[in-house]
Amino acid sequence: MSKPIVLIAEELSPATIDALGPDFEIRHTDGADRTALLRDIGDVDAILVRSATQIDAEALAAAKNLKVVARAGVGLDNVDVDAATQAGVMVVNAPTSNIVSAAELAVALLLASARNISPAHSALQQGEWKRSKYSGVELADKTVGVVGLGRIGLLVAQRLSAFGVRLVAYDPFVQPARAAQLGVKLLPLDELLAQSDFITVHLPKTKETVGLIDAGALKLVKPSVHIINAARGGIVDEQALYDALAEGRVAGAGLDVYAKEPCTDSPLFTLDNVVATPHLGASTDEAQEKAGIAVAKSVRQALAGELVPDAVNVKGGVIAEEVRPFIELAEHLGRIATSMAPSAVAQVTVEALGDISAMDVGVLELSTLKGMFSVLVDDPVSYVNAPILARDRGVVTTLVTEGDSPDHRSLVRVRMACADGQSLVVAGTVFGIRDSAKLVEVDSLDLDLPISEHMLVFRYEDKPGVVGVVGQVLGDAGINIANMQVGRDAAGGLALIALTVDSAVDQPTVDAIAARIGAESGAAIDLV
């Protein structure tokens, strides 16, 4: 069997290749060369990029086998996440790989701005000794405003606290009590702008944050303020910042990011009171190695069909170890229920009962949909596009958790409501040291049947001789029975026979069994 193909489109840390291991065919291309990219992406299973490779709708359309796009870094400006989601392609990044490097650079820019390091260095290079001209300011006892108290903003605040500063922050998503625990006082943005001696920006770039620090905001600041942006270009309005610096309404600035990159001709670069770097936030050996190893691990998980905590277009996040065995179970139950459904499915309810209900089990809803649509559509179904398939077909999904599970420590139950008004219920659990999956309920009838690659389920009116007939027909077809369970609600009432068999059962054999036993319904279920 051929190995999955991983295309590396930009220079990555050698540790990335090591982390991928020997299970993949590794290819290389120049992602910045559009022609080469579209030529080389056609048959690959995964592509690893940094920031120069544009993965848009055109590239995704050319990538017929693509399952995962991995960005060895934090930002995803160069990846069309919506188009990837529509195509069923998982997008992953390395959200924590560069946070230390980015925080350290922000602190470096702040210190360089406070002490005029950049122009003083340039003057020395030109043979000029200008001690008095480049006198700076101390950080001690100053107020530092952190705009965005996320992972990087928090690291910056922690590092600057050692300088004896007063820390204030603006972040509408952080509770004041949490900020107080960190030694930071939360303020509205206008108050932070008015009080701060240094302002450092650590927000993501969104439609709400673009231009947040604009001309109006810069009218609120002290003329002695230094403004640092090592987050994303465009959050600070560059023209407004230039005007404020040139007019003496802002004392200095430290910039690592710009609205358009690469940027080599900004008027900001002409000012002595600006220290600027070419987007170096993640440019450390350590950050690149961390990013490469993180996305390599994600690629391995994604190509193995697992959920990836760092996937940006898949619900799920970090999955508790206790929940993991139930992910495959939920997918199996989705396939089993859909194979048995009498008509089009209109609504799906996934119930997580017992011990697992106390954990984050959102992944079970997702996994059930994946199993369901694997039966209904010919195109590949992934954790990425399963919710889109449900939305496009008008299938309503609900997740219910309940701590009470009388018969099993943990149970997953799938309820399906069909378009013709009929319904179906299946439930399962895992057991043993290997967490093997078993089917324990179909339409309120109790079972205890290991879930297998090939299964048969028939519903019929209870009567003698059914087991023998089923065995005879399967025997005549050369199909061996591995396990069998029979359930009924009462003698002569609704009954069900469920079997696991060693090979797939064709539809004529299913029809023959159904006819011989007078089955209300019958289904062959293949879980491969």
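In this text the structure is predicted, and so the values were computed from the model without any measurement.

**Concerning the overall build of the protein**
Right, so step 1: A tally of regular secondary structure across the protein gives 17 helices and 22 strands.
Right, so step 2: Here the C-alpha atoms of the protein give a radius of gyration of 30 Å, more than 25% beyond the 24 Å that 2.2 N^0.38 yields for 528 residues.
Right, so step 3: Seen through its principal axes, the protein has C-alpha atoms that stretch 105 × 50 × 40 Å.
Right, so step 4: Scored against the burial criterion, the 528 residues of the protein give a buried share of 50%.
Right, so step 5: When contacts within the protein are restricted to residue pairs at least 6 apart in sequence, long-range pairs at least 24 apart make up 63% of them.
Right, so step 6: In the form shown here, the protein has an accessible surface area of approximately 24400 Å², with 50% of it arising from carbon and sulfur atoms.
Right, so step 7: The averaged location of the 68 negative side-chain charges in the protein is 6 Å from the averaged location of its 43 positive side-chain charges.

**Describing the packing of helix H5 (residues 99-114) against helix H7 (residues 151-161)**
Axis angle and axis distance: for two packed helices, these are the angle between their axes and the distance between the axes, and together they describe the pair.
Right, so step 1: At a closest axis distance of 9 Å, the pairing of H5 and H7 adopts a crossing angle of 50°. In terms of axis orientation, H5 runs oblique to H7. Of the two possible hands of crossing, H5 and H7 adopt the one that is right-handed. Facing Ile 99, Val 100, Ala 102, Ala 103, Glu 104, Ala 106, Val 107 and Leu 110 of H5, the residues of H7 in contact are Arg 151, Ile 152, Leu 155, Val 156, Arg 159 and Leu 160.

**Focus on the nonpolar core**
Right, so step 1: Counting 74 residues, the largest nonpolar core has Met 90, Ile 336, Leu 364, Phe 373, Val 412 and Leu 439 as its most contacted members.
Right, so step 2: Residue contributions to this core peak at eight residues, all from helix H13 (residues 324-340).
Right, so step 3: Ignoring any residue separated from it by four or fewer positions in sequence, one finds Phe 373 in contact with Val 381, Ala 386, Leu 389, Ala 390, Arg 393 and Val 395.
Right, so step 4: Core analysis: the second largest hydrophobic core is formed by 30 residues, Val 168, Val 201, Val 221 and Tyr 258 among them.

**Let's talk about the sheet that holds strand E19 (residues 454-461)**
Right, so step 1: Spatial strand order, E20-E21-E19-E22: four strands in an open sheet with antiparallel pairing. The sheet is open, and its two edges are formed by strand E20 (481-488) and strand E22 (521-526), each paired on a single side. Averaged over all neighbouring strand pairs, the angle between strand axes comes to 15°, with direction disregarded.
Right, so step 2: Where E19 and E22 come together, six bridges link them in antiparallel fashion. Bridged to Met 455 within E22 is Ile 525.
Right, so step 3: Against the sheet, helix H16 (residues 466-476) engages E19, E20 and strand E21 (494-501), with an angle of about 30° to E21.
Right, so step 4: Along the sheet, helix H17 (residues 507-517) makes contact with E19 and E22, crossing E19 at roughly 25°.

**Looking at helix H11 (residues 238-246)**
Right, so step 1: Along H11, the residues classified as buried are Ala 240, Leu 241, Ala 244 and Leu 245. Angular distribution of buried residues about the axis of H11 spans 130°; they occupy a single face of the element.
Right, so step 2: Each element contacted by the buried residues of H11 is listed here: helix H10 (215-218), strand E10 (226-229), strand E11 (252-255) and strand E12 (274-276).
Right, so step 3: Between the side-chain oxygen at the start of H11 and the backbone nitrogen of Gln 239 there is a gap of 3.1 Å, and the oxygen is on Asp 237.
Right, so step 4: One or two residues past the end of H11 sits Gly 248, with phi positive at roughly 80°.

**Looking at the pattern of salt bridges**
Right, so step 1: Applying the stated criterion across every chain yields a total of 22 salt bridges.
Right, so step 2: With its nearest N and O atoms 3.3 Å apart, the salt bridge here joins Arg 324 to Glu 321.
Right, so step 3: Under the relative-accessibility criterion, Arg 324 is labelled partly exposed at 29%.
Right, so step 4: You can call Glu 321 exposed: its relative accessible area is 59%.
Right, so step 5: The partner of Arg 413 in a salt bridge is Glu 441, with the nearest N and O atoms 3.1 Å apart. Here Glu 441 lies in strand E17 (residues 436-442) and Arg 413 lies in strand E15 (residues 410-418), a separation of 28 residues in the sequence.
Right, so step 6: Exposure remark for Arg 413: the relative accessible area of 15% places this residue in the buried category.
Right, so step 7: Overlapping salt bridges bring together Glu 351, Arg 413, Arg 415 and Glu 441 as one network.

**Quick word on the packing of aromatic side chains**
Right, so step 1: Considering all chains together, one arrives at one aromatic pair under this definition.
Right, so step 2: Their ring planes at 90° and their centres at 5.5 Å tell us that Tyr 258 and Phe 269 sit as a pair that is edge-to-face. With Tyr 258 in the loop between E11 and E12 and Phe 269 in the loop between E11 and E12, the pair connects residues that are eleven residues apart, well separated along the chain.
Right, so step 3: By relative accessible area, which is 5% here, Tyr 258 ends up buried.
Right, so step 4: Lys 370 extends its terminal NZ or CZ atom over the ring of Tyr 383, reaching a point 5.1 Å from the ring centre.
Right, so step 5: The residue whose ring lies beneath Lys 438 is Phe 431, and the NZ or CZ to ring-centre distance is 5.0 Å.

**Looking at a negative patch on the surface**
Right, so step 1: A cluster of acidic residues, Asp 18, Glu 104, Asp 285, Glu 286 and Glu 289, forms a negative patch on the protein surface.
Right, so step 2: Counting residues per element, the negative patch draws most heavily on helix H12 (residues 285-303), at three residues.
Right, so step 3: Residue Glu 104 is classed as partly exposed on the basis of its relative accessible area of 45%.

**Digging into the environment of Ser 298**
Right, so step 1: Tracing the chain through its elements places Ser 298 in helix H12.
Right, so step 2: Counting along the chain gives 105 residues from Ser 298 to Gly 403, while the straight-line C-alpha distance between them is 32 Å.

**A look at the side chain of Arg 413**
Right, so step 1: At a separation of 3.1 Å, a polar atom in the side chain of Arg 413 contacts the side chain of Glu 441.
Right, so step 2: Apart from residues no more than four positions distant in its own chain, Arg 413 is found in contact with Thr 349, Val 350, Glu 351, Leu 353, Val 425, Val 426, Ala 427 and Glu 441.

**Quick notes on H7**
Right, so step 1: Those residues of H7 that sit buried are Gly 153, Leu 154, Leu 155, Val 156, Ala 157 and Leu 160.
Right, so step 2: Residues of H7 that are buried in the fold lie against H5, strand E6 (143-147), strand E7 (166-170) and strand E9 (198-201).

**Here's the deal with the pairing of strand E18 (residues 445-450)**
Right, so step 1: Here E18 shows a clear split, with Leu 445, Leu 447 and Leu 449 buried on one side and none of Asp 446, Asp 448 and Pro 450 buried on the other.
Right, so step 2: Looking at chain direction, E17 and E18 are connected through four bridges and run antiparallel. Bridged to Glu 441 within E18 is Asp 446.
Right, so step 3: Here E17 folds back onto E18, and the loop between the two strands holds two residues, one of which, Asp 443, carries a positive phi near 50°.

Conventions adopted
- Residues numbered from 1 in each chain as written.
- Predicted model: local features only at pLDDT ≥ 70, side-chain atom pairs only at ≥ 80, totals over all residues.
- Heavy atoms only, no water.
- Helix = DSSP H or I, 4+ residues; strand = E, 2+ residues; numbered from the N terminus.
- Rg over C-alpha atoms; globule rule 2.2 N^0.38 Å.
- Buried < 20%, exposed > 50% of the residue type's maximum accessible area, 1.4 Å probe, protein only.
- Contact = heavy atoms within 4.5 Å.
- Areas by Shrake-Rupley, 256 points an atom, 1.4 Å probe, with all protein chains shown as cover.
- Lys, Arg positive; Asp, Glu negative; His and termini not counted.
- Charge placed at Lys NZ, Arg CZ, Asp CG, Glu CD.
- Axes fitted to C-alpha atoms, helices over the stretch in contact; angles between N-to-C directions.
- Parallel < 35°, antiparallel > 145°, perpendicular 65-115°, else oblique.
- Left-handed = near helix turned anticlockwise from the far one by under 90°.
- Core = buried A, V, L, I, M, F, W, Y, C linked by side-chain atoms within 4.5 Å.
- Pairing = 2+ DSSP bridges.
- Arc of directions from axis to C-beta.
- Polar contact = N/O pair within 3.5 Å; in protein donor to acceptor, adjacent residues only side chain to side chain.
- Salt bridge = Lys/Arg side-chain N within 4 Å of Asp/Glu carboxyl O.
- Phe/Tyr/Trp six-rings, centres within 6.5 Å; stacked < 30°, edge-to-face > 60°.
- Lys NZ or Arg CZ within 6 Å of the ring centre and 35° of its normal.
- Patch = residues over 30% accessible without salt bridge, like charges linked within 9 Å, V, L, I, M, F, W, Y side chains within 5 Å.

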